[in-house]
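What follows is each chain in one-letter form.
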Amino acid sequence: MNQQIEPLYDKEITCLVCGERYTTKRIRTRFIRTENIESDFFTVYKDDSCNPYMYEVHVCPNCGYAATDQFSNHFPPEVKNRIEKEISSRWKPRDFGKERTVVDAITAYKLAVLSATKKKEKHIVLAGIYMRLGWLYRMIGEEKQEQRFLRLALKEYEESFEQSDFIGTQLTEIRVIYLLGELNRRIGSETEAIKYFSRVIQHRQRDTDAKVTETAREQWYLIRNQEESFGIK
């Protein structure tokens, strides 16, 4: 009899801080089914139990160091010492290697924020963590917390854009500029949103990412139409 393949599998991780070996859950790609992609790139999946956002962060049960695959593997001695002193010394052992709820995932991402901050990860890495926290809160309808983390993501994307530390990642310059526009739109900063959407529309790479350019144009018109409906010139 053939053994049924489960969506979740165990991936072995070796902690870069304490050397502990542990397992974390990941989702087999064959089970991931996309239903919709929203304007800030949030992907809605057909099956919440097969949502990869839930398992992007791995957490060492021994020392509390939490990371994603986007974290740098570079660990200067002073960074390890800082994490051991400010995270591990206060850590109460907890296993995140099982099936997760949204609340579990939120906790894991917040631990990743703490580790990324102490490790001084790139702004683009922190931006991605904050975005996912916003999305997870969106999934459970907590708009206030969603807005809080989208604002934090916006701040990190701004820093990333200014320092160009997104170079070498999957995010191109035009997509970072687009996200600056979309996040400003979502938090109610329409003037800033229009500024960034205009930069996307005029960008030298606009033809190589036609979908993002078209979405930026749609969001630009959406804001302008809303302003006109309220009598704003």
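The structure presented is a predicted model; accordingly, all values stated were derived computationally and were not measured. Each chain carries its own residue numbering, running from 1 in the written order of its sequence. With pLDDT at 70 or above as the cut-off, local features in this predicted model cover only qualifying residues; side-chain atom pairs require 80 or more to be listed or tallied, and sums for whole chains, interfaces and linings still use all residues. The side-chain figures draw on all heavy atoms in the structure; neither hydrogens nor water molecules are used.

*Asks:* Just to check I follow, could you spell out the pattern of salt bridges for this structure?
*Replies:* By salt bridge we mean one thing: a side-chain nitrogen of Lys or Arg within 4 Å of a carboxyl oxygen of Asp or Glu. Taken as a whole and judged by the stated rule, the model has 17 salt bridges. In this structure, K25 engages D10 in a salt bridge whose closest nitrogen and oxygen atoms are separated by 2.9 Å. Note that K25 is positioned in strand β2 (residues 21–27) and D10 in strand β1 (residues 8–14), a separation of 15 residues in sequence. A simple rule labels every residue: compare its accessible area, found with a 1.4 Å probe on the protein chains alone, to the largest value its type can have, and call it buried under 20%, exposed over 50%, or partly exposed in between. A relative accessible area of 18% means that K25 is categorised as buried. Strands here are runs of E lasting at least two residues and helices are runs of H or I lasting at least four, both read from the DSSP assignment and numbered beginning at the N terminus.

*Asks:* Can you walk me through the packing of helix α4 (residues 143–163) against helix α5 (residues 173–186) in this structure?
*Replies:* Relative orientation and spacing of two packed helices are given, respectively, by the angle between their axes and the distance between those axes. Every axis in this analysis is a line fitted to C-alpha atoms, fitted for helices over the stretch in contact. Angles between the N-to-C directions lie between 0 and 180 degrees. Taken N-terminus to C-terminus, the directions of α4 and α5 make an angle of 145 degrees; their axes are 10 Å apart at the nearest point. The way α4 lies across α5 gives a crossing that is left-handed. Listed contacts from α5 to E146, Q147, L150, A153, L154, Y157, E158 and F161 of α4 are E173, V176, I177, L179, L180, L183, N184 and R186. Along the lines of polarity and charge, the residues of the contact of α4 with α5 split into 10 nonpolar, two polar and four charged. In this scheme, a crossing is called left-handed if the near helix is turned counterclockwise away from the far one by less than a right angle; it is called right-handed if the turn is clockwise. Any pair of residues with heavy atoms lying within 4.5 Å of one another is described as a contacting pair. For this classification, Asp, Glu, Lys and Arg are treated as charged, while Ala, Val, Leu, Ile, Met, Phe, Trp, Tyr, Cys and Pro are nonpolar and the rest, including Gly, are polar.

*Asks:* I keep staring at the environment of Y65 and nothing clicks. Help me out?
*Replies:* Residue placement: Y65 occurs in the loop between β5 (58–59) and β6 (66–67). Measuring from C-alpha to C-alpha, the distance between Y65 and F75 comes to 12 Å, with 10 residues separating the pair along the chain. Contact partners of Y65, with chain neighbours within four places excluded, come to C15, V17, H58, V59, C60, F71, F75, I83, S115 and K119.

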